[in-house]
Amino acid sequence: MSRTAREGYAKRGKGSRKGIILAGGAGTRLHPLTLGISKQLLPVYDKPMVYYALSTLMLAGIQDVLIISTPQDLPRFQVLLGDGSQLGITLRYAEQPRPEGLAQAFLIGREFLGRASSALVLGDNIFYGGGLRPLLERAAARGRGATVFAYRVKDPERYGVVEFDGGRRVKSIEEKPRAPKSHYAVTGLYFYDSDVVDIAAGLKPSTRGELEITDVNRAYLNRGALHVTVLGRGIAWLDTGTPEALLQAANYVAALEERQGLKVGAVEEVAYRMGFIDAAQVERLVAPMKGNPYAQYLQAILDEDS
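Notes on the structure in this doc start here. This one's a predicted model, so the numbers in the text were calculated from it and none came from an experiment.

## Digging into the nonpolar core
Then comes step 1: In terms of nonpolar packing, the biggest core is built from 55 residues, with Ile21, Leu54 and Phe191 touching the most fellow members.
Then comes step 2: Those residues within four positions of Phe191 in sequence are excluded, and the remaining contacts are Arg17, Ala60, Ile62, Ser118, Ala119, Leu136, Ala139, Ala140, Gly145, Ala146, Thr147 and Phe149.
Then comes step 3: If you look at the next biggest cluster of nonpolar residues, it comprises 35 residues, including Leu122, Ala200, Tyr220 and Ala225.

Structure below.
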């Protein structure tokens, strides 16, 4: 993004859509890695996992974000990210005493959201690729209804699965079906209008004892207000919930960064390119990390733009 474009974006100010990062849970599939620390604070190559989720919301133009995590882990997120002002955003925090389903995020965040539209991203999901940002901005700009993203996977039974008809219209959504009706999984990124809080409040726990996000999506589908965007081959979606997936994600990020010389999920770079902060603020962020390759990368961005 050019300097003029960044300045134009900054002048438009904060949008009305708010973001939520759900970074709770016990991370049992990653034990013993997560016995002493939240999964979303583990490194994915050269950055904490939560950086990737936060950068996704920022690329959608969202500057007001609630981070939900466990009572024991929440202070660690606050030490890492603070109030967000250094990135030109506002970060707030809320506790999730017990994980009771993804839709619980909207009950915990009810006061934070008010009557604003929202975007929920799971803290262990990574999105990257050419053309991603326009898709995010289009979803964020949609005033009514819901937008979710579908991605072709070889093991759809592990996810919420969306079924399309011959015209690529959504027919159904099922949560972890034994016999999936398609190979398209619903990713951990959801855009909703202000009705989502009331929808979540009206849900009954599933047989798993959880408030299912699939039931929220089905409510929008029944209203005829669910938009599903299929992510193509040029975009990667990584779910880092197992040791194997965590390693694969780290290797993927490392290979991209080594090959292209560009960072994935660097929140300082995203804040700068989105116009949330200026060059002087990036320099202030770089100063404590002098000599660090990460700081050198950020400084090189400023040098290229000067």
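## Brief notes about the environment of Gln104
Then comes step 1: For Gln104, the position within the fold is in helix α4 (residues 104-108).
Then comes step 2: Sequence spacing of Gln104 and His31 is 73 residues, and the spatial spacing of their C-alpha atoms is 24 Å.
Then comes step 3: Among the polar contacts listed, one links the side chain of Gln104 to the backbone nitrogen of Glu100, at a separation of 3.0 Å.

## Side note on helix α8 (residues 213-223)
Each turn of an α-helix holds 3.6 residues, which means side chains three or four residues apart point in the same direction.
Then comes step 1: Considered for burial, the residues of α8 that qualify are Ile213, Thr214, Val216, Asn217, Tyr220 and Leu221. Buried positions in α8, seen along its axis, are confined to an arc of 155° and lie on one side of it.
Then comes step 2: Backbone geometry just downstream of α8 places Gly224 in the positive-phi region, at approximately 75°.

## Describing unusual backbone geometry
Then comes step 1: Cis rather than trans, the peptide bond between His31 and Pro32 has omega equal to 5°.
Then comes step 2: Positioned with a positive phi, Arg168 is a non-glycine residue whose angle comes to about 65°.
Then comes step 3: When its relative accessible area of 47% is taken as the criterion, Arg168 is described as partly exposed.

Definitions and cut-offs
Residues numbered from 1 in each chain as written. Predicted model: local features only at pLDDT ≥ 70, side-chain atom pairs only at ≥ 80, totals over all residues. Heavy atoms only, no water. Core = buried A, V, L, I, M, F, W, Y, C linked by side-chain atoms within 4.5 Å. Buried < 20%, exposed > 50% of the residue type's maximum accessible area, 1.4 Å probe, protein only. Contact = heavy atoms within 4.5 Å. Helix = DSSP H or I, 4+ residues; strand = E, 2+ residues; numbered from the N terminus. Polar contact = N/O pair within 3.5 Å; in protein donor to acceptor, adjacent residues only side chain to side chain. Arc of directions from axis to C-beta.

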